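Per-entry structural report
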Amino acid sequence: MRPRRIRGGRTTVLAAALSLALAAPIAATQAQASPSGAPPSARAARTAELPHQYEVSGPATPAERTALTATGASVDEVHGRAVVITADRAQAALVRQLGYSLRKLPDPPSAPAASGRIKDFPAGYANYHTYDEATKEIDALVAKYPAILSKQVIGKSHEGRDILALKLSKNVTKDENEPEVLFTAHQHAREHLTVEMALYLLNEFTGKYGSDDRITKMLDSREIWIIPDLNPDGGEYDIATGKFQSWRKNRQPNAGSNEVGTDLNRNWDFKWGCCNGSSDDPGDETYRGPSAASAPEVQVVSKFVHSRNVGGKQQIKAAIDFHTYSELVLWPFGFTNDETGPGMTQDEHDTFAAIGKKMAASNGYTPEQSSELYITDGAIDDWLWGDQKVFAYTFEMYPSSAGSGGFYPKDSVIPKETARNKDAVLQLLETADCPYRAIGKEQQYCKGGRTRG
Ligand code: 0X9
Ligand code: CA
Ligand code: ZN
């Protein structure tokens, strides 16, 4: 019963479930139609158009918010009786059609790069790392700390940029029998703060090994993987012109459409496209791609995770995928509102919730099952858990609202808002040898101790 557009025209919304009038052409279609009334050449026009953020008053339940995502807009922020969305003109019109009122929010800043170069962050954002800057910083760290940090190129993005996996551990060149934990960042192009989060962790773990007790213990007894940039093409595109593009997806073209990009966080191969938690329209923010794991970036990371299955056992025990924004700690499943069911026992759910709530207590975020927000299918955490039984979380970082910078907070917040997650990250590392300790069931689930062999 999902509201559907008729492809090729965006002329009709069939929103029977929402009891809407069906016949009236929507405003955006009229705006896009040529004077002759011929079919609009809206594809090219939409591609050139930057989306905007809007506050939408009314949607108050997960079901209402999921219905909102069916317009193709992304839901960026959730409050009791309102949300903030990113939408292009057509999507905004569809939201109005659902009976909600929209208030347009200010656009992200646009300024010449502080460096005077294009393809760089603008003034006020100079401390964010471009892809090249991040790569240089990483290479310098690897050169300085070769005993505890190693770099692998695990594959390439659509446009051919390297996707990196950094390993941090004592005896880093050996694959030791130690619990592994994965941190990923930047599935969504405009969420630049997440790359800074990954770089923070790399700097912190290397720089404080040997002096910070908790860090030293974790590098001595865990193998930590950091994939700092899942979507380098999208990230570079977002900053390429001196004006932030509010871009979310990757930069893979879509066959038969002028619309570019797949939402990587709807493309993972678990319950892909199952549950109205993603879009089949290439123009939408949450386009799931033509098939599961169709995005090269998703393929590369899926293959990497599968490669950590050693001797029939997945070595990665826990994970955090960093996003912005809203200050949330989320856990699976996103594809269903049910707390338990196939693939999620009561003990597993309770373990997710116990660890999630404790991490949230340390960083001040709000803990909840991800479907409390809205339904998502094909998200990485659902895949990591559903396919690989990794205790996988999604962190939505700073800020809590659009008014505090939304996707584009100034670089002055980077130190505080990355360090804010240090304790949560260490907690997850510390629990990774037996997550079930969090519900007092270590004996039942973890006796025998060793993860392998
Ligand atoms: O919609 C998303 O992919 C995430 N929000 S964002 O604003 N960063 O795009 C939330 C995902 C929630 N669902 C799961 N974690 N499964
Ligand atoms: Ca080791
Ligand atoms: Zn995101």
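See the structure shown above.
Calculation notes
- Residues numbered from 1 in each chain as written.
- Chains lettered and ligands numbered in written order.
- Predicted model: local features only at pLDDT ≥ 70, side-chain atom pairs only at ≥ 80, totals over all residues.
- Heavy atoms only, no water.
- Buried < 20%, exposed > 50% of the residue type's maximum accessible area, 1.4 Å probe, protein only.
- Helix = DSSP H or I, 4+ residues; strand = E, 2+ residues; numbered from the N terminus.
- Polar contact = N/O pair within 3.5 Å; in protein donor to acceptor, adjacent residues only side chain to side chain.
- Near = heavy atom within 4 Å.
- Nonpolar A, V, L, I, M, F, W, Y, C, P; charged D, E, K, R; others polar.
- Donors = N, O, S within 2.8 Å, 3.2 Å for Na, K, Ca; no water.
- Axes fitted to C-alpha atoms, helices over the stretch in contact; angles between N-to-C directions.
- Left-handed = near helix turned anticlockwise from the far one by under 90°.
- Contact = heavy atoms within 4.5 Å.
- Core = buried A, V, L, I, M, F, W, Y, C linked by side-chain atoms within 4.5 Å.
- Pairing = 2+ DSSP bridges.
- Salt bridge = Lys/Arg side-chain N within 4 Å of Asp/Glu carboxyl O.
- Phe/Tyr/Trp six-rings, centres within 6.5 Å; stacked < 30°, edge-to-face > 60°.

Now for helix α4 (residues 89-97). The complete set of buried residues in α4 reads Ala-90, Gln-91, Ala-92, Ala-93, Leu-94 and Val-95. Sitting at the head of α4, Asp-88 places a side-chain oxygen 3.1 Å from the backbone nitrogen of Ala-90. One or two steps after α4, the chain reaches Gly-99, where phi turns positive at roughly 100 degrees.

Among the 15 residues in the neighbourhood of ligand 1, the closest are listed as Arg-248, Arg-266, Tyr-374, Asp-381 and Glu-396. Take Arg-266: an N or O atom from its side chain is 2.8 Å from an oxygen atom of ligand 1. Where the shell around ligand 1 is concerned, the elements lending two or more residues are β13 (316-324) and β16 (391-397). Residue classes in the shell around ligand 1 are distributed as three nonpolar, seven polar and five charged.

Our focus in this paragraph is the coordination of the zinc ion (ligand 3). Ideal geometry at a metal gives 109.5 degrees between four tetrahedral donors and either 90 or 180 degrees between six octahedral ones. Summarising the metal site, the zinc ion (ligand 3) is bound by the protein donors His-188 (ND1), Glu-191 (OE), Glu-191 (OE) and His-323 (ND1), whose distances to it range over 2.0 to 2.3 Å. The sequence pattern formed by the donor residues of the zinc ion (ligand 3) is H-x2-E-x131-H. In this pair, His-188 sits in the loop between β9 (180-185) and α6 (193-207) while His-323 sits in strand β13, placing the two residues 135 residues apart along the sequence. In this structure His-188 comes out as buried when scored by relative accessible area, which is 3%.

Before going further, it helps to spend a moment on the coordination of the calcium ion (ligand 2). Note on the calcium ion (ligand 2): its protein donors are Ser-169 (OG), Lys-170 (O), Glu-176 (OE) and Glu-178 (OE). The metal-donor distances range over 2.1 to 2.4 Å. Mapped onto the sequence, the donors of the calcium ion (ligand 2) take the spacing S-K-x5-E-x1-E.

Direction vectors running N to C along helix α7 (residues 213-221) and helix α13 (residues 422-431) enclose 35 degrees, while the axes themselves pass 10 Å from each other. Where α7 crosses over α13, the handedness of that crossing is left-handed. Residues Arg-214, Ile-215 and Met-218 of α7 lie in contact with α13, whose contacting residues are Lys-422, Asp-423, Leu-426, Gln-427, Leu-429 and Glu-430. Its residues assigned to classes, the contact of α7 with α13 comprises four nonpolar, one polar and four charged.

Let us now look at the nonpolar core. Membership of the largest hydrophobic core comes to 90 residues, with the highest contact counts inside it found for Phe-183, Phe-205, Ile-226, Phe-322 and Tyr-393. Considering each element in turn, this core owes the most residues, nine residues, to α6. Sequence-distant contacts of Phe-183, that is, excluding residues within four places in its chain, are made with Leu-201, Ile-224, Trp-225, Ile-226, Ile-227, Ile-320, Phe-322, Val-425 and Leu-429.

Moving on, we come to the sheet that holds strand β10 (residues 223-227). The strand order across the open sheet built from eight strands is β7-β8-β10-β9-β13-β16-β14-β15, with neighbouring strands paired in mixed fashion. Only two strands of the sheet have a single partner each, and these edge strands are β7 (149-156) and β15 (366-369). Strand-to-strand, the axes of this sheet are offset by a mean angle of 20 degrees, without reference to chain direction. The pairing of β13 with β16 spans seven bridges and is parallel. Pairing of Ile-320 across the sheet is with Tyr-393, part of β16. Running at roughly 160 degrees to β13, α13 makes contact with β9, β10, β13 and β16 of the sheet.

With that out of the way, let us pick up the pattern of salt bridges. Applying the stated rule across the entire model yields 26 salt bridges. Residue Lys-151 is joined to Asp-139 by a salt bridge in which the shortest nitrogen-to-oxygen separation is 2.7 Å. Placement of the pair is Lys-151 in strand β7 and Asp-139 in helix α5 (residues 131-144), with a sequence separation of 12 residues. Accessibility expressed as a relative area gives 33% for Asp-139, which makes it partly exposed. The salt bridge involving Asp-347 is made with Lys-441; its shortest N-O contact spans 3.1 Å. Of this pair, Asp-347 sits in helix α10 (residues 346-363) while Lys-441 sits in the loop between α13 and α14 (442-446), placing them 94 residues apart in sequence.

This brings us to the packing of aromatic side chains. A complete count under the given rule lists 21 aromatic pairs for this structure. Considering the side-chain rings of Tyr-237 and Trp-247, the 5.2 Å spacing of their centres and the 70 degrees angle between planes classify their relative orientation as edge-to-face. With Tyr-237 in helix α8 (residues 232-238) and Trp-247 in the loop between α8 and α9 (296-307), this pair connects stretches of sequence that are 10 residues apart. On the basis of relative accessible area, Tyr-237 is assigned to the partly exposed category, the value being 26%. By relative accessible area, which is 16% here, Trp-247 ends up buried.

Just geometry here; none of it tells us what the structure is for.
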